[in-house]
Amino acid sequence: SAECYNEYRQSHAKNWEDYESITDSVEYREWRLAVYQRDGYCCRWCGEKPVDRRLQAHHIWPRNEYPELVFEASNGVTLCEPCHYKTLSHEEELAPLFEAIIRQSQF
């Protein structure tokens with residue numbers, strides 16, 4: 001659920017206030033838009049293109065551990081909400097898969 005996801009994010013953020021303020025920034029909105037556009041507004045894991053706007057831009061390498069990559073489009077992948085929840089606690093394990101998906105889209 002969204003509540004569980006927010007609790008997970010909060011427990012893994014080094015500074016929750018800073019973490020939340022990033023998502024409100026112009027840079028974050030531009031990053032998210034660049035990721036969505038590159039990925040054709042489609043979940044890159046399952047291939048779904050939800051019509052209910054439930055897409056989410058996922059940081060391949062967690063932003064609280066890799067702050068230097070926060071606004072790099074190459075560190076983002078578009079996921080639908082159900083696929084995004086599947087990444088919880090598996091971020092580093094799934095990072096190579098998402099990087100490979102992104103590399104394929106650049107050709």
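What you see is a predicted model; the values in this text were computed from it and never measured. (Residues numbered from 1 in each chain as written. Predicted model: local features only at pLDDT ≥ 70, side-chain atom pairs only at ≥ 80, totals over all residues. Heavy atoms only, no water.)

Peer 1: Looking at this structure, I do not really get the confidence of the model for the protein. What am I missing?
Peer 2: Close inspection of predicted coordinates is inappropriate in any region flagged by low pLDDT. Considering every residue of the protein, the mean pLDDT works out to 84; 78% of them sit at 70 or more. The lowest-confidence element of the protein is helix H1 (residues 2–12), averaging 59 in pLDDT; the highest-confidence one is strand E2 (residues 76–80), averaging 96. (pLDDT = per-residue confidence, 0-100. Helix = DSSP H or I, 4+ residues; strand = E, 2+ residues; numbered from the N terminus.)

Peer 1: What's the story with the pattern of salt bridges in this structure? I'm lost.
Peer 2: Side-chain pairs of opposite charge can arise where the charged atoms are in close proximity. Counted by the stated rule, this structure contains three salt bridges. With a closest N to O distance of 2.9 Å, Asp 39 and Arg 38 form a salt bridge. The buried category is assigned to Asp 39, whose relative accessible area is 6%. Asp 39 serves as the salt-bridge partner of Arg 44, at 3.2 Å between the closest nitrogen and oxygen. One network of salt bridges, with partners in common, ties together Arg 38, Asp 39 and Arg 44. (Salt bridge = Lys/Arg side-chain N within 4 Å of Asp/Glu carboxyl O. Buried < 20%, exposed > 50% of the residue type's maximum accessible area, 1.4 Å probe, protein only.)

Peer 1: Would you explain helix H3 (residues 26–38) in this entry?
Peer 2: Given 3.6 residues per turn, any residue in an α-helix points the same way as the ones three and four places further on. Under the 1.5 Å per step criterion, the end-to-end length of H3 is 18 Å for 13 residues, consistent within 8% with the ideal 18 Å. Listed as buried for H3 are Tyr 28, Trp 31, Val 35 and Tyr 36. Each buried residue of H3 lies within a common arc of 130 degrees when the element is viewed along its axis, so the set occupies one face. Gly 40 occupies a position one or two residues after H3 and carries a positive phi of about 65 degrees. (Expected span 1.5 Å × (residues − 1). Arc of directions from axis to C-beta.)

Peer 1: In this structure, what is going on with the pairing of strand E1 (residues 55–59)? I would like to understand it.
Peer 2: A regular strand places its side chains so that they alternate between the two faces of the sheet. Of all five residues in E1, five are buried; the element is thus mostly enclosed. Of the two faces of E1, the one carrying Leu 55, Ala 57 and His 59 and the one carrying Gln 56 and His 58 are both buried. In this structure, E1 lies alongside E2, joined through five bridges in antiparallel fashion. Opposite His 59, over in E2, you have Gly 76 as the bridge partner. (Pairing = 2+ DSSP bridges.)

Peer 1: In this structure, what is going on with the nonpolar core? I would like to understand it.
Peer 2: The nonpolar side chains of a soluble globular protein tend to be buried with one another. Membership of the largest hydrophobic core is limited to 12 residues, which are Cys 43, Ile 60, Trp 61, Val 77, Leu 79, Cys 80, Cys 83, Leu 94, Ala 95, Phe 98, Ile 101 and Ile 102. Broken down by secondary-structure element, the contributors of at least two residues to this core are E2 and helix H5 (91–105). Residues within four places of Leu 94 in sequence aside, it is in contact with Trp 45, Lys 86 and Thr 87. (Core = buried A, V, L, I, M, F, W, Y, C linked by side-chain atoms within 4.5 Å. Contact = heavy atoms within 4.5 Å.)

Peer 1: Where do I start with the environment of His 59 in this structure?
Peer 2: Its place among the elements puts His 59 in strand E1. Note: C-alpha distance between His 59 and Ala 73 (14 residues apart in sequence) is 8.9 Å. Beyond its immediate stretch of four places on either side in the chain, His 59 contacts Tyr 28, Trp 31, Leu 69, Val 70 and Asn 75. In this structure the side chain of His 59 is engaged in a polar contact, spanning 2.9 Å, whose partner is the backbone oxygen of Val 70. (Polar contact = N/O pair within 3.5 Å; in protein donor to acceptor, adjacent residues only side chain to side chain.)

Peer 1: Just checking my understanding: could you explain the packing of aromatic side chains for this structure?
Peer 2: Both the distance between ring centres and the angle between the ring planes are used here to describe each pair of aromatic rings. Overall, the coordinates contain four aromatic pairs when judged by the stated rule. Aromatic side chains Tyr 36 and Tyr 41 sit 5.9 Å apart centroid to centroid with 45 degrees between the ring planes, which places their arrangement in the tilted category. Owing to a relative accessible area of 12%, Tyr 36 belongs among the buried residues under this scheme. Here the aromatic rings of Trp 45 and Phe 98 are separated by 5.4 Å at their centres, their planes lie at 90 degrees, and the arrangement is edge-to-face. Within this pair, whereas Trp 45 is found in the loop between H3 and E1, its partner Phe 98 is found in helix H5, the two being separated by 53 residues in sequence. Accessibility expressed as a relative area gives 0% for Phe 98, which makes it buried. (Phe/Tyr/Trp six-rings, centres within 6.5 Å; stacked < 30°, edge-to-face > 60°.)

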